[in-house]
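# Observations on the model geometry
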Amino acid sequence: MEPLFLLLALAFGLGTTVSAGPAVIECWLVEDAGRGRLAKKPAALLLRQGPGKVPPRPDLDPELYLKVDDPAGALQAAFRRYPWNAPAPHCEMSRYVPLPASANWAKGLTPEKSCPRALDGTWLMVSMSSPVLSVSSLLQPQSEPQQEPALITMVTAVLTVLTHTPVTRARLGQDALLDLSFAYMPPTPEATTSLAPGPPPFGLEWRHQHQGKGHLLLAATPGLGGQMPPAQNGAVAFAAWDDNEPWGPWTGNGTLWLPAVRPFQQGAYLATIHLPYLQGQVTLELAVQKPPKVSMMPAPLVWAVPGEAPPELLCLVSHFYPSEGLEVEWELRGGPEGSFQKAKGESWLSALRQHSDGSVSLTGHLQLPPVTSAQHGARYACRVHHPSLPALGRSAEVTLEVAGHSGPSLEDGVGLFLSAFLLLGLLKALGWAAAYLSTSKESKKKAQ
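A few points on the structure. Note that the structure is predicted; figures quoted are calculated from it, not measured.

## Overview of the pairing of strand S9 (residues 167-171)
- Burial of the side chains of S9 is restricted to one face: Thr168 and Ala170 are buried, whereas none of Val167, Arg169 and Arg171 on the reverse face is.
- Two strands pair when backbone bridges link them, and S9 and strand S19 (residues 278-289) are joined in this way by 5 bridges, in the parallel orientation. In the strand pairing of S19, Val167 is matched with Glu285.

Put into structure tokens, the structure is as follows:
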């Protein structure tokens with residue numbers, strides 16, 4: 001019993017370690033090197049310290065080995081959910097200078113004419129992205145590098161903006177939700193003394209970029225007056241703080257809802273949170289898709305005579321989006337050379353047909369070579385691959401019937417048709433004869 005208990009405890013401990021996410025994020029500091037060049041220096045973020053001392057990093061500049069204090073817990077929570085098998089996030093950081101928002105609708109966030117002294121000092125903007133999250137965080141170093149015993153710089157996460165859906169796939173015509181959350185902790189107590197207790201006003205901005213064009217989709221400043229630009233395409237945002245603590249930290253929600261998405265709404269979405277002199281931004285991608293319907297003609301049977309080619313097979317691929325990435329393959333199943341092989345013959349695709357909802361359709365053609373009796377019962381299938389479908393795609397099939405092999409042949413079919421036609425004619429003739437005789441008898445009775 002004791003070994004089993006130890007195994008369970010070990011498994012639980014390993015599961016806890018994995019679910020806690022990465023403790024250290026490897027990063028790069030990107031700086032302008034002049035003449036249009038960029039310089040990169042290695043850096044690292046220590047998000048979580050295990051038992052014992054801080055692991056030394058002699059390979060790093062102590063000012064770029066950062067131990068992150070996360071008062072709001074947003075970074076810790078984001079990476080606590082990080083899947084163990086997901087790739088490490090790509091991380092870059094750069095110097096940041098606090099500035100007021102440039103948009104007219106956000107002017108109310110910075111009534112002061114100058115940046116508060118509480119925001120003086122060095123700032124770093126850290127951006128991390130992976131298939132499962134995208135994070136932007138403003139870090140403020142607390143002091144010079146400290147000996148702990150490894151040389152490391154303490155920083156505080158002041159504003160964190162993140163999404164757990166960096167790539168969202170929405171079905172054409174259905175609603176899409178672009179997740180966005182944020183957290184804020186004033187950098188110093190002095191930064192909140194001039195404000196009323198509770199979370200500060202903030203601005204939320206969503207911009208859409210597609211095919212080299214960008215425009216403002218939605219802007220909001222909850223708690224502030226002023227004229228806001230009208231939202232585009234029916235977009236709605238859940239712009240609000242989640243809590244009302246007097247001095248922070250605070251978390252908020254800026255999720256965007258897009259009703260009944262259309263093809264022109266796919267592309268990149270830039271979500272920006274504006275605070276007085278501070279901004280954080282993440283980028284999300286929206287992919288609009290619709291899986292194709294697949295059918296074949298003629299179906300479910302196709303007839304052929306030995307030595308002749310069957311009728312042309314049609315693969316109807318209808319109402320899908322996007323048009324890119326579609327492949328049509330022809331397969332022969334159960335033929336004389338094996339259970340599965342590529343179908344022989346000449347194949348081609350028709351031009352795209354557009355539909356009012358933005359989806360498209362096309363037809364795949366296959367002209368088969370002459371068949372033999374041995375191919376009777378073989379199944380021809382068209383298999384369609386598309387980004388909206390699973391890896392195996394979607395398929396439809398028809399069965400080949402070769403005349404004279406088994407079941408009714410073409411001659412049998414013609415004979416049955418002629419027999420039925422003659423039988424019908426004979427029945428009609430008998431009916432006419434019976435009617436004539438009945439009429440003659442009635443006429444004779446009246447004459448008598």
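## Comments concerning the state of the cysteines
- Tallied over the entire structure, the rule returns 2 disulfides.
- Between the sulfur atoms of Cys27 and its disulfide partner Cys91 the distance amounts to 2.1 Å. An S-S torsion of about -75 degrees defines the bridge between Cys27 and Cys91 as left-handed. Remark: Cys91 occurs in strand S4 (residues 90-95) and Cys27 occurs in strand S1 (residues 24-34); sequence separation between them is 64 residues.

## Section: the layout of surface pockets
- Its volume calculated, the second largest pocket comes out at about 260 Å³.
- Within the lining of the second largest pocket, the residues separate by chemical class into 7 nonpolar, 7 polar and 4 charged.

## Focus: the sheet that holds strand S10 (residues 176-178)
- Taking strand neighbours across the sheet as the criterion, the 3 strands line up as S10-S17-S14 in an open arrangement whose pairing is antiparallel. Both edges of this open sheet fall to S10 and strand S14 (236-237), since each of them pairs with a single strand only.
- Pairing geometry for S14 and strand S17 (residues 256-258), over 2 bridges, is antiparallel. Note on S17: the bridge partner recorded for Ala237 is Leu256.

## Let's talk about the environment of Pro145
- Structurally, Pro145 can be placed in the loop between strand S6 (134-141) and strand S7 (146-147).
- Given the relative accessible area of 28%, Pro145 is considered partly exposed.
- Taking the C-alpha atoms as reference, Pro145 lies 6.1 Å from Glu63; in sequence the two are 82 residues apart.
- Setting aside chain neighbours within four positions, we find Pro145 in contact with Pro62, Glu63, Ile152 and Thr153.

## Some words on the sheet that holds strand S18 (residues 267-275)
- The strand order S9-S19-S18-S12-S13 describes an open sheet built from 5 strands, whose pairing is mixed. If you trace the sheet from one side to the other, it starts and ends with S9 and strand S13 (213-220), each paired once. Neighbouring strand axes in the sheet, compared pairwise and without regard to direction, differ in orientation by 25 degrees on average.
- Relative to S19, S18 runs antiparallel, the two sharing 9 bridges. Across the sheet, Tyr269 pairs through a bridge with Leu284, a residue of S19.

The rules we used
Residues numbered from 1 in each chain as written. Predicted model: local features only at pLDDT ≥ 70, side-chain atom pairs only at ≥ 80, totals over all residues. Heavy atoms only, no water. Buried < 20%, exposed > 50% of the residue type's maximum accessible area, 1.4 Å probe, protein only. Helix = DSSP H or I, 4+ residues; strand = E, 2+ residues; numbered from the N terminus. Pairing = 2+ DSSP bridges. Disulfide = S-S within 2.5 Å. 1 Å grid on protein atoms, 1.4 Å probe; cavity = no way out; pocket = protein on both sides within 12 Å on 5 of 7 lines; lining within 4 Å. Points joined across faces, edges and corners; volume = space filled by probe spheres on them. Nonpolar A, V, L, I, M, F, W, Y, C, P; charged D, E, K, R; others polar. Contact = heavy atoms within 4.5 Å. Axes fitted to C-alpha atoms, helices over the stretch in contact; angles between N-to-C directions.

As far as function goes, none of this settles anything; it's purely spatial.
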